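Listed here are the chains, written in short residue letters.
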Number of protein chains: 2
Amino acid sequence: MSTTSSGPRTRMSPQQRREQLLDLGVRLFATRSLDEISIDLLAQEAGISRGLLYHYFGDKVAFREAVVRRAADDLVAQTEPPAEGDEIAKLLHSVAAYVDFVDANYEGYLSLVRGAASEPALRAVYDDAFRALGERFFDIGSSIVPDTPASRLLVRGWQAMTEELVLAWKAGETDLTRDQLLDLLVASLPALMGALPA
Amino acid sequence: MSTTSSGPRTRMSPQQRREQLLDLGVRLFATRSLDEISIDLLAQEAGISRGLLYHYFGDKVAFREAVVRRAADDLVAQTEPPAEGDEIAKLLHSVAAYVDFVDANYEGYLSLVRGAASEPALRAVYDDAFRALGERFFDIGSSIVPDTPASRLLVRGWQAMTEELVLAWKAGETDLTRDQLLDLLVASLPALMGALPA
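Quick caveat: nothing in here was measured; it's all calculated off a predicted structure.

Novice: Just checking my understanding: could you explain the overall build of chain A for this structure?
Specialist: Scanning chain A for helices and strands turns up nine helices and zero strands. C-alpha extents for chain A along the principal axes are approximately 65 × 35 × 30 Å. Counting only residues that meet the buried cut, chain A has 50% of its 198 residues in that class. The contacts in chain A between residues at least 6 apart in sequence include a share of 64% that link residues at least 24 apart. Of the charged side chains in chain A, 20 are positive and 29 negative, and the gap between their average positions amounts to 8 Å.

Novice: Looking at this structure, I do not really get the relation of the copies chain A and chain B. What am I missing?
Specialist: Note: a rotation about an axis with an accompanying shift along it relates these two copies of the chain. Between chain A and chain B, which share one sequence, the superposing operator has a rotation angle of 180° and an axial displacement of 0.0 Å; the RMSD is 0.0 Å. On this basis, the relationship between the two copies can be described by a two-fold rotation axis. Interface overlap between copies: 100% of the residues of chain A at the interface are likewise at the interface in chain B, consistent with a symmetric, same-surface contact.

Novice: What is the right way to read the packing of helix α6 (residues 106–118) of chain B against helix α7 (residues 120–139) of chain B from this model?
Specialist: Packed helices, taken two at a time, are described by the angle between their axes plus the distance between the axes. Residues and elements named next belong to chain B. Running from amino to carboxyl end, α6 crosses α7 at an angle of 120°, the nearest separation of the two axes being 6 Å. By the criterion of interaxial angle, the relationship of α6 to α7 is oblique. Crossing of α6 against α7: the hand is left-handed. In this structure, α6 uses L112, V113, G115, A116, A117 and S118 to contact α7, whose residues at the interface are P120, L122, R123 and Y126. Considered class by class, the residues forming the contact of α6 with α7 number seven nonpolar, two polar and one charged.

Novice: I'm lost on the domain arrangement of chain A in this one. Help?
Specialist: All names here are of chain A. You can read the domains of chain A as domain 1 (9–63) and domain 2 (79–193). Each partner contributes residues to the interface: domain 1 has six residues there, and domain 2 has nine residues. For domain 1, the biggest contributors to the area lost against domain 2 are F29, A30 and L34; these three give 72% of the whole. Seen at the junction of domain 1 and domain 2, the total is zero salt bridges. Between domain 1 and domain 2 we count four residue pairs in polar contact (both at pLDDT 80 or more) in total. The residue inventory of the side of domain 1 that touches domain 2, partitioned by class, reads three nonpolar, two polar and one charged.

Cut-offs used in this document
Residues numbered from 1 in each chain as written. Chains lettered and ligands numbered in written order. Predicted model: local features only at pLDDT ≥ 70, side-chain atom pairs only at ≥ 80, totals over all residues. Heavy atoms only, no water. Helix = DSSP H or I, 4+ residues; strand = E, 2+ residues; numbered from the N terminus. Buried < 20%, exposed > 50% of the residue type's maximum accessible area, 1.4 Å probe, protein only. Contact = heavy atoms within 4.5 Å. Lys, Arg positive; Asp, Glu negative; His and termini not counted. Charge placed at Lys NZ, Arg CZ, Asp CG, Glu CD. Least-squares fit on C-alpha atoms with pLDDT ≥ 70 in both. Axes fitted to C-alpha atoms, helices over the stretch in contact; angles between N-to-C directions. Parallel < 35°, antiparallel > 145°, perpendicular 65-115°, else oblique. Left-handed = near helix turned anticlockwise from the far one by under 90°. Nonpolar A, V, L, I, M, F, W, Y, C, P; charged D, E, K, R; others polar. Domains from an automatic or database assignment. Buried area = accessible area lost by both parts, 1.4 Å probe. Salt bridge = Lys/Arg side-chain N within 4 Å of Asp/Glu carboxyl O. Polar contact = N/O pair within 3.5 Å; in protein donor to acceptor, adjacent residues only side chain to side chain.

Below is the structure:
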């Protein structure tokens with residue numbers, strides 16, 4: 001039986017082992033769509049039996065959901081703005097982290113976006129992450145984004161726009177460089193707020 | 001056998017009859033998701049045999065695709081800006097027509113948006129309509145929207161944002177009125193263009 005980079009599995013608790021397998025699932029998810037992630041693939045990559053995987057995750061659907069939820073949590077964590085700096089610098093940091101996440105996890109992320117449209121369980125994960133990312137502006141009391149019904153709707157629109165543009169950029173559908181894309185996304189939020197009624 | 005509002009079917013050519021059935025399918029699509037549209041339902045509503053419907057449309061998948069394509073064509077036609085007026089007035093007219101289309105065809109439109117995420121045939125229809133709507137700004141030589149790679153990307157983002165906001169509004173997820181929504185969408189396009197690099 002093979003071991004993984006975290007060491008022999010005999011030293012780990014079941015919970016640790018489950019976490020490690022989830023990490024592996026998320027790594028596989030980076031370059032594969034949800035349909036390509038299976039218990040078989042994970043068992044093969046982890047060098048353990050399918051039975052043990054079913055023991056940890058229940059069934060294939062529960063495993064996919066656990067992987068997607070972990071990946072979404074990673075996205076929210078990685079795009080956390082830094083504590084210091086002005087708001088535009090924080091926004092740039094956060095947007096850059098989002099672009100880099102999509103860049104590094106394109107296949108999985110795209111399959112989540114697409115799957116979320118038709119599968120309620122995936123949509124729940126997607127919506128939770130989308131909401132968490134959007135709520136940040138209001139949690140921190142942003143000076144760029146006032147807290148009104150109209151600005152909340154615009155933030156949501158800006159998020160949908162950002163996703164569309166980053167996926168288009170990653171798919172090679174624009175000649176813009178990563179830096180040009182970042183500049184556009186960061187400049188577009190305050191610009192949109194300028195469209196709010198006085 | 002029942003007749004429809006266009007008169008007895010004996011006076012119509014097969015092509016006219018097919019068009020009429022397609023119109024009926026599009027009307028049904030307004031208040032039903034794609035999954036709910038079936039040959040059975042259409043046969044029942046049109047008062048003709050299933051066999052005749054298969055004769056006109058081939059199979060269920062082809063029928064659904066024909067309905068969706070017709071609905072998308074209707075969307076593009078109905079949102080055509082008027083020939084006269086200033087650009088903001090034209091934009092308002094077009095955006096209002098889009099909002100009203102989604103309002104009147106919510107179930108079907110939502111199922112197209114969702115289905116397009118996972119079904120390539122639906123995605124092709126959706127993408128064609130999305131592109132046709134976006135291309136308008138460049139076909140007419142808009143003074144609001146310059147024709148650069150960055151502005152083309154932003155228009156695409158504005159379209160994604162518009163769709164997100166109109167669906168959220170229709171789903172009752174914001175307290176904004178239709179007029180407030182329209183004002184926000186119309187003001188957001190020039191505002192976004194202000195985010196373009198000089």
